[in-house]
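# Structural overview for review
Listed below, chain by chain, are the residues.
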Amino acid sequence: MKRLVAVLLLLAVAGAVDGDERSDGYCKHTSGSTPRPHSVTITEFGAVGDGVTLNTVAFQNAVFYVRSFADKGGAQLYVPKGRWLTGSFDLTSHLTLFLDKDAVIIGSQDASQWPPVEPLPSYGRGIDLPVLIILSTMLELICGTGNNGAIDGQGSVWWEWFRSHTLNYSRPHLLELVSSSDIVVSNLIFLNPPAWSIHPVYSSNVTIQNIIIHASSDSPYTDGIVPDSCSNFHIEDCSISVGHDAIVLKSGWDNYGISFGKPSSNIQINNVQLQTSLGSALAFGSEMSGGISDVRVAHLYVRNSHTGINFKTTRGRGGYIKDIVISDVEMENVHEAIRFTGYCGAHPDHHYDPDVLPVIKRVTVKDVVGSNISVAGVFSGIDHDPFTAICLANISLPITTDLSDPWTCSNVAGFSDSVFPQPCLDLSLNSSLFCFSLETFRAIAEI
């Protein structure tokens, strides 16, 4: 059977120029060149913003038209006030998609609006089911932005289909960047994703800033921002509230991810507010078979969540999670502050090798303050494959539950300093020399 994959709105990009976003909504080159010399409005292509008329063809025709300006400085596609119902459409090179503050792009619930293609090679199938309907091609893009205009996936019907096990294919994402580079996504609101909100995959030089993402707290497995086999990636000044993982880093699934071999690396996350009732505010994995490394997270604010920080993998994944620094974290009303687990995640099929083990090492979590925390930490490495050089420093997690031990540890080794409550002995055996510092790592790399 041919496996198919698909998204509500796809920005699939392979670009070549740096861009940033101006306060007036335009994108400009970092060299200081002028804004887009050409501009069109979606209504010029017959679109109607009444929330009922299907505008898929109008968006497709508009993009086809502005493609002719790619070698002339690019163009802006403006979406004015209204509710614009559409299926999946691509954006093209040197294009700014700009949404008015009262504009809402609404994802159609008609699955025929998403043409089928092959699944991502690092996954082999869809996350929910082996069969999906997702549009995925490679184009070029500079910037998707707005005055806090919105993209609404109308996810409630998809959530009900998921719960009732009546899906015939995996749920679509709101925004997918495939094989993309030099991207800015800013000043937009993403609402009610059927599954994930923003999924950049095989992409580099991506900035996501000033984004709001919201899904119902009980929405099943709705994720916020999911960098997947990406490099040189920057997330800042975002607010995310979803049902599952707010920000989660990935890099492929079992043997498919190992064979594809594209890691997620050099990722910076700064000043984000995260909330998730059923999942993790910040997560790594469990699909991490291509590897995840060189990640710096700072100024993380976690509220009303099940798990604050979560590293997850399982046998058969292979790959690695290493060289991570997470600092300046505030947690409030969080059930479980920190989790490392080697027993999380399903497999795409029966072709994985359970003897291929993942590596988790050189992870530092420091400068964390919590309130109303139920469990300080759970660290569960894999038998004969322990997680190593896990370092905790300057952490205060007052526990509200009557636990005999607020920390649980097995198959883990590391270092701790100035941590309350006192962590388990496994995290007190190593010297601080084992601890990873991103600054030290970079200094060594430059020698």
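Here, the structure is the one placed above.
Below: a short report on this structure. Bear in mind that the values here come from a model prediction, so they are computed numbers and not experimental data. (Residues numbered from 1 in each chain as written. Predicted model: local features only at pLDDT ≥ 70, side-chain atom pairs only at ≥ 80, totals over all residues. Heavy atoms only, no water.)

### Describing the overall build of the protein
Stated formally: Numbering goes from the N terminus for both helices and strands, where a helix is a DSSP run of H or I of at least four residues and a strand is a run of E of at least two. Buried, partly exposed and exposed residues are distinguished by accessible area as a fraction of the type maximum, computed with a 1.4 Å probe on protein chains only: under 20%, between the cut-offs, and over 50%, respectively. Contact criterion: two residues are considered in contact whenever any of their non-hydrogen atoms come within 4.5 Å of each other. Per-residue and other accessible areas follow the Shrake-Rupley method at a 1.4 Å probe size, with only the shown protein chains counted as cover for residues.
A count of helical and extended segments in the protein gives 4 helices and 26 strands. Out of the 447 residues belonging to the protein, those deemed buried represent 57%. A fraction of 78% describes how many contacts in the protein between residues 6 or more apart in sequence connect residues 24 or more apart. For the protein, the exposed surface amounts to about 16700 Å²; the carbon and sulfur share of it is 52%.

### So, the nonpolar core
Counted only if it meets this: Buried Ala, Val, Leu, Ile, Met, Phe, Trp, Tyr and Cys residues form a nonpolar core when they are joined through side-chain atoms within 4.5 Å.
One finds Phe190, Ile247, Phe284, Phe311 and Ile326 to be the most contacted residues of the largest nonpolar core, which totals 86 residues. Filtering out sequence-adjacent residues up to four positions away, Phe284 remains in contact with Leu249, Ile292, Val295, Asn310, Phe311, Lys312, Ile321, Ile324 and Ile326. In this structure, Leu120, Tyr123, Tyr202 and Trp253 belong to the second largest nonpolar core, which totals 6 residues.

### Comments concerning the environment of Ala215
The residue Ala215 is located in the loop between strand E15 (204-214) and strand E16 (223-225) in this model. The class of Ala215 is buried, set by a relative accessible area of 1%. Along the chain, Ala215 and Pro193 lie 22 residues apart, while their C-alpha atoms are 6.7 Å from each other. Setting aside its immediate chain neighbours within four residues, Ala215 contacts Trp159, Asn192, Pro193, Thr222, Ser241 and Val242.

### Description of the side chain of Thr56
For clarity, the cut-off: Under the rule applied, a polar contact is a pair of N or O atoms within 3.5 Å (in protein, one hydrogen donor and one hydrogen acceptor; residues adjacent in sequence only if both atoms are side-chain atoms).
On the secondary structure map, Thr56 appears in helix H1 (residues 56-66). Judged by its relative accessible area of 5%, Thr56 falls in the buried class. Of the polar contacts made by the side chain of Thr56, one reaches the backbone nitrogen of Gly87; its length is 2.6 Å. Setting aside anything within four residues of it in sequence, one finds Thr56 in contact with Leu85, Thr86, Gly87, Ser88 and Gln113.

### Things to note about unusual backbone geometry
With an omega dihedral of 0°, the bond running from Gly285 to Ser286 counts as a cis peptide bond. Cis rather than trans, the peptide bond between Phe420 and Pro421 has omega equal to -5°. The phi angle at Asp328 is positive, at roughly 55°, despite the residue not being glycine. Tracing the backbone through its elements, the reader meets Asp328 in strand E22 (residues 320-341).

### Points about the state of the cysteines
In a disulfide, the sulfur atoms of two cysteines are covalently bonded to one another. Under the convention used in this document: The disulfide definition used here is simple: a pair of cysteine sulfur atoms within 2.5 Å.
Under the definition given, this model contains 2 disulfides. Through a disulfide, Cys391 is tied to Cys435; the S-S separation comes to 2.2 Å. Disulfide Cys391 to Cys435: torsion about the S-S bond roughly -95°, handedness left-handed. Here Cys391, found in strand E24 (residues 387-396), pairs with Cys435, found in the loop between strand E26 (412-420) and helix H4 (438-446); they are 44 residues apart in sequence, far enough to count as distant. Here Cys409 connects covalently by a disulfide to Cys424, the sulfurs 1.6 Å from one another. Of this pair, Cys409 sits in strand E25 (residues 407-410) while Cys424 sits in the loop between E26 and H4, placing them 15 residues apart in sequence.

### Brief notes about the packing of aromatic side chains
For the record, the criterion: Note on aromatic contacts: the rings of Phe and Tyr and the six-membered ring of Trp form a pair at centre separations within 6.5 Å, being stacked when their planes are under 30 degrees apart, edge-to-face when over 60 apart, and tilted otherwise.
Taken as a whole, this structure holds 12 aromatic pairs when the rule is applied. Taken together, a centroid distance of 6.0 Å and an interplanar angle of 20° make the contact between Tyr78 and Phe98 stacked. Of this pair, Tyr78 sits in strand E6 (residues 75-79) while Phe98 sits in strand E8 (residues 95-99), placing them 20 residues apart in sequence. For Tyr78, a relative accessible area of 23% corresponds to the partly exposed category. Residue class for Phe98 comes out buried when judged on its relative accessible area of 6%. Ring centres 4.3 Å apart and planes at 5° place the aromatic pair Phe284 and Phe311 in the stacked group. Linking Phe284 in strand E20 (residues 280-284) with Phe311 in strand E21 (residues 292-312), this pair joins segments that are 27 residues apart in sequence. This pair shows no difference in class: Phe284 is buried, exactly as Phe311 is. An aromatic cluster of three or more residues is present, and its members are Phe284, Phe311, Phe340, Phe379 and Trp407.

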